[in-house]
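# Structure assessment
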Amino acid sequence: MKLAIIPGDGIGREVMEAELTVLDALCLDEERILFQIGYGKWERTKSAITDEDIAGIKECNCVLFGAITTPPDPDYRSVLVRLRKELDLYANIRPFTPLKTVKLPCAKTFDFVIVRENTEGMYSGIEELHKDAAYTTRIITRNGCQRIAERACSLAKERKKQITIVHKANVLKSDTLFRDICIDVAKKNGILYRETLVDTMAYEMILHPEKFDVIVTTNLFGDILSDEAAAIAGGLGLCPSANIGDHHALFEPIHGSAPDIAGKGIANPIAAILSLKMMLEWSGKIKEARSIESAIDSVLASRIKTHDLGGTYTTMEVAKAIAELVLDKNKN
Ligand code: ATP
């Protein structure tokens, strides 16, 4: 397997080093191709990613991604948004299954997945910035809705056979199309569905997270709801994601480059390591994926944790502790 490795910026580099330490412990025979792209490259060359980078990434089977800074500069185009479009990674799968050993801010137990449309909506990239007005075009297409709804339904078939469709169709005409297509696809697949307005969803997710299983929504709503979900699942440092298309896949923690803690060696590497676990599941390496999951549980149970979880260990100390257990497990 040929893996594109994109550490990116800020803590992206630190959690990628941690992730690769755990990958080393699995002793697989993958080929790794490093792509140094992102804001750092933009500062040096005024180009965060080149066409050549994209072509090289497309030649790989999948991508392990750290995090890339997106500055509030109108000349800078988000690298991740571009990659999602270029590789047509239309489904962003974000599982929120709290780890057994992590103390949650709410008393409820829950286990849900956000399936976020990843290539259109408010992140269409069609924007105009004038002196006194600015416009962003929100694109919702039949094809975009159909394929994300199919993805959500196929995930629901492996879980509780139900989806929650999240939209704002009472105000946004584009969301009536999203909602209606999701309903049609759910009916066709024999999946139970309910629909919820995004503002109600933001409220319900805090009060009754146990009510949800597969949640399907549009790009911006999925982005925002995921950070809320991360807060109730123990923090951004614990939450992984997969960006899946028909021909490519990219795995990344849902957090960003966290400039506030970058360079201190204190970032929690677990979200990135769980993203590696999602990559292994995607490529059929289930035994290896399970070994990572159980190593994380054991390490957290022995109180080897980073600062965000109340611990005092560094990013690499946590990663090495996980890697040691993974190595032991895969030797036996
Ligand atoms: P970006 O501009 O790249 O999106 P950001 O700081 O706006 O970065 P995040 O990186 O998602 O957004 O960080 C939000 C908050 O969560 C920050 O306070 C950050 O320190 C914290 N955080 C994010 N990831 C981690 C992590 N892996 N470990 C510990 N804290 C984290």
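For the structure itself, consult the block above.
Everything in this summary refers to the structure shown in the same document. A quick note: this is a predicted structure, and the numbers were derived from the prediction, not measured. Sequence order as written defines the numbering, with residues in each chain counted from 1. Note on the predicted model: pLDDT of at least 70 is required for a residue's local features to be given, and 80 or more for side-chain atom pairs to be given and counted; whole-chain, interface and lining totals, by contrast, use all residues. Calculated side-chain values reflect all of the structure's heavy atoms, with hydrogen atoms and water omitted.

## Some words on unusual backbone geometry
A negative phi holds for most residues other than glycine; trans holds for most peptide bonds. The test is simple: Every helix listed is a DSSP run of H or I at least four residues long, and every strand listed is a run of E at least two residues long, numbered separately from the N terminus. Between buried and exposed lies partly exposed: a residue is buried under 20% and exposed over 50% of the maximum accessible area for its type, with that area taken using a 1.4 Å probe on protein chains only.
Although it is not a glycine, Cys 27 sits at a positive phi angle of roughly 50°. Although it is not a glycine, Asp 88 adopts a positive phi angle of roughly 50°. Locating Asp 88 in the fold gives a position in the loop between helix 4 (79-86) and strand 4 (91-96). In this structure Asp 88 comes out as partly exposed when scored by relative accessible area, which is 31%.

## Observations regarding helix 8 (residues 219-232)
This is how the line gets drawn: Multiplying one less than the number of residues by 1.5 Å gives the expected span of a helix. Only heavy atoms enter the contact rule, under which two residues are in contact if any of them lie within 4.5 Å.
End to end, helix 8 covers 20 Å across 14 residues, agreeing with the expected 20 Å (1.5 Å per residue, within 8%). Residues of helix 8 that are buried sit in contact with strand 4, strand 5 (112-117), strand 8 (162-167), helix 6 (173-188), helix 7 (198-207) and strand 10 (214-217). One or two residues past the end of helix 8 sits Gly 234, with phi positive at roughly 110°.

## A word on the side chain of His 255
In this structure, His 255 sits in the loop between strand 12 (249-253) and helix 9 (270-282). Ignoring any residue separated from it by four or fewer positions in sequence, one finds His 255 in contact with Ile 11, Val 15, Ala 67, Leu 236, Gly 237, Asn 268 and Ala 271.

## A few points about the packing of aromatic side chains
The condition is simple: The pairing test for Phe, Tyr and Trp rings, Trp by its six-membered ring, is centres within 6.5 Å, and the orientation test on the planes gives stacked under 30 degrees, edge-to-face over 60, and tilted for anything in between. Consider the ring centre and the ring normal. A charge sits over the ring if Lys NZ or Arg CZ is within 6 Å of that centre and within 35 degrees of that normal.
If you walk through the whole model with that rule in mind, you get six aromatic pairs. Through a chain of ring-to-ring contacts, the aromatic side chains of Tyr 39, Trp 42 and Tyr 76 assemble into a single cluster. A cation sits over an aromatic face here: Lys 46 above Trp 42, 3.9 Å from the ring centre.

## Quick notes on the layout of surface pockets
Inclusion rule: Throughout, the protein atoms alone are placed on a 1 Å grid, and a set of points is a cavity if a 1.4 Å probe fits but cannot get out or a pocket if it is open with protein on both sides within 12 Å along at least five of seven lines; lining residues have an atom within 4 Å of a point. Grid points are joined across faces, edges and corners, and a volume is the space filled by probe spheres set on the points. Classes in brief: Ala, Val, Leu, Ile, Met, Phe, Trp, Tyr, Cys and Pro nonpolar; Asp, Glu, Lys and Arg charged; the others, Gly included, polar. As annotated, the domain borders come from an automatic or database domain assignment.
The calculated volume of the largest pocket comes to roughly 1000 Å³. Lining the largest pocket are 37 residues, with Thr 70, Arg 77, Ser 78, Val 81 and Tyr 123 sitting closest to its centre. Taken together, the elements giving at least two residues each to the lining of the largest pocket come down to strand 3 (62-67), helix 4, strand 6 (127-129), strand 7 (134-136), helix 8 and strand 12. Across the lining of the largest pocket, the residue classes break down as 16 nonpolar, 10 polar and 11 charged. There are two domains that each give the lining of the largest pocket at least three residues, and those are domain 1 (1-90 + 236-332) and domain 2 (105-232). Listing elements by their share of the lining of the second largest pocket, those giving two or more residues are strand 4, helix 5 (142-158), strand 11 (240-244), helix 9 and helix 10 (286-301). Tallying contributions element by element places helix 9 first for the lining of the second largest pocket, with five residues. Among the residues making up the lining of the second largest pocket, the classes are represented as 17 nonpolar, two polar and 10 charged.

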